Amino acid sequence: MHSLSKLARTSSSLVRLLGPPLSQPMTRRQAHTDLEVPDFSAYRRKGNSDPTAPNSASFEERASFYYLMSGTFGVVGLYSAKKVVCGLIDTMSPAADALAMAQVEVKLEDIPEGKNTTVKWRGKPLFVRHRTPEEIKTEQAVDISQLRDPEKDEERVKKPEWLVVIGVCTHLGCVPIPNAGEWGGYYCPCHGSHYDASGRVRKGPAPLNLEVPFYEFMDGDDKIIVGEEF
């Protein structure tokens, strides 16, 4: 009797470990057999409502939609790119104070013959000289082969009686003195550079002639505008 009781307990333990015999019906739930397939019909366009229809049947409708969307995004992208590029260009444009200094107007009637006036332009002194007939004749007769920086007088002036140069010595950037020097033009006392009445270097360490800026005569030659617009 004792052996039978022990055998029964052993059999019960094996059943609990191994589970019920295969002959008994299984009650485990299989998740992939009872799920409802979702219906996406509400999200489909009419041309794609039939999932069994061939791809070629709705190609024209789908292509039109894609072309429209591509064109829309393309236009928006180009407009955005234009705004970005214009913004970058604006950041590189000169400031208002720089634009105000871009040009300067000089009235010629205020400069007597044989005199020189000095105005400030772009942070530099600008010399405007009303030359006499004797000065014009002297400068035009200079042999340019003897000059350090050969330039004819006619190449440096638009009208013989008016000389317009930037008053910065080409040696070390000093400001020359008008109507001075051995040639009666300009003289730099810092290092002894002499310029003639055409602004050409004649003596001293300066390597180049005084710079001639861009300028134009306006209002019947009564004034000049120095500098180009940005």
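Refer to the structure presented above.
Treat the numbers as computed from the prediction; the structure is a model and nothing was measured.

Asks: Looking at this structure, how should I read the overall build of the protein chain?
Replies: Check the secondary structure of the protein chain and you find four helices and ten strands. Shown N-terminal to C-terminal, the secondary structure of the protein chain runs as helices and strands in the order α-α-α-β-β-β-α-β-β-β-β-β-β-β. Per-residue burial for the protein chain yields a buried fraction of 26% across its 230 residues. Restricting to contacts in the protein chain with at least 6 residues of sequence separation, those with at least 24 account for 51%. Taken as a whole, the protein chain presents about 16,300 Å² of accessible surface, with 58% of it coming from carbon and sulfur.

Asks: Before we go on, may I ask you to explain the nonpolar core in this structure?
Replies: Generally speaking, nonpolar side chains in soluble globular proteins are found buried as a group. Core analysis: the largest hydrophobic core is formed by 14 residues, its most contacted members being L126, V128, V164, I224 and V226. Listing elements by their share of this core, those giving two or more residues are β1 (104-107), β3 (124-130), β4 (162-166), β9 (215-218) and β10 (223-226). Of all the elements, β4 adds the most residues to this core, at three residues. Leaving out residues up to four positions away in the same chain, L126 has contacts with V104, T117, T118, V119, W121, V164, V165, I166, G167, P213 and V226. Counting twelve residues, the second largest nonpolar core, distinct from the first, contains F127, V157, Y195 and L210.

Asks: What should I look at first to understand the pairing of strand β2 (residues 116-121) in this one?
Replies: The side chains of a regular strand alternate, first on one face of the sheet and then on the other. As defined by bridge partners, β2 adjoins β3 across six bridges and the pair is classed as antiparallel. The residue bridging K120 from the neighbouring strand is P125, located in β3. Linking β2 back to β3 in an antiparallel pair, the connection comprises two residues, with R122 at a positive phi of about 55 degrees.

Asks: What should I look at first to understand the sheet that holds β10 in this one?
Replies: Strand pairing within a sheet occurs via backbone hydrogen bonds; the two strands may be parallel or antiparallel. Taken in spatial order, the three strands of this open sheet run β1-β10-β9, and their pairing is antiparallel. Only two strands of the sheet have a single partner each, and these edge strands are β1 and β9. Averaged over neighbouring strand pairs, the angle between their axes works out to 25 degrees when direction is ignored. Bridge analysis of β1 against β10 gives four bridges, and the strand direction is antiparallel. Residue K107 lies in a different strand from β10, and its bridge partner there is K223.

Asks: Hey, could you run me through the sheet that holds β2 in this one?
Replies: Taken in spatial order, the three strands of this open sheet run β2-β3-β4, and their pairing is antiparallel. Sheet topology places β2 and β4 at the edges, where each strand pairs with a single neighbour. Geometrically, the sheet is characterised by an average inter-axis angle of 20 degrees between neighbouring strands, direction not taken into account.

Asks: Help me out: how do you make sense of a nonpolar patch on the surface in this one?
Replies: Taken together, the side chains of F65, Y66, Y67, M69 and F73 present a nonpolar region at the surface, about 570 Å² in accessible area. Mapped onto the fold, F73 is located in helix α2 (residues 59-92). In this structure F73 comes out as exposed when scored by relative accessible area, which is 58%.

Parameters and conventions
Residues numbered from 1 in each chain as written. Predicted model: local features only at pLDDT ≥ 70, side-chain atom pairs only at ≥ 80, totals over all residues. Heavy atoms only, no water. Helix = DSSP H or I, 4+ residues; strand = E, 2+ residues; numbered from the N terminus. Buried < 20%, exposed > 50% of the residue type's maximum accessible area, 1.4 Å probe, protein only. Contact = heavy atoms within 4.5 Å. Areas by Shrake-Rupley, 256 points an atom, 1.4 Å probe, with all protein chains shown as cover. Core = buried A, V, L, I, M, F, W, Y, C linked by side-chain atoms within 4.5 Å. Pairing = 2+ DSSP bridges. Axes fitted to C-alpha atoms, helices over the stretch in contact; angles between N-to-C directions. Patch = residues over 30% accessible without salt bridge, like charges linked within 9 Å, V, L, I, M, F, W, Y side chains within 5 Å. Salt bridge = Lys/Arg side-chain N within 4 Å of Asp/Glu carboxyl O.

Geometric descriptors of this kind do not, in isolation, establish any biological role.
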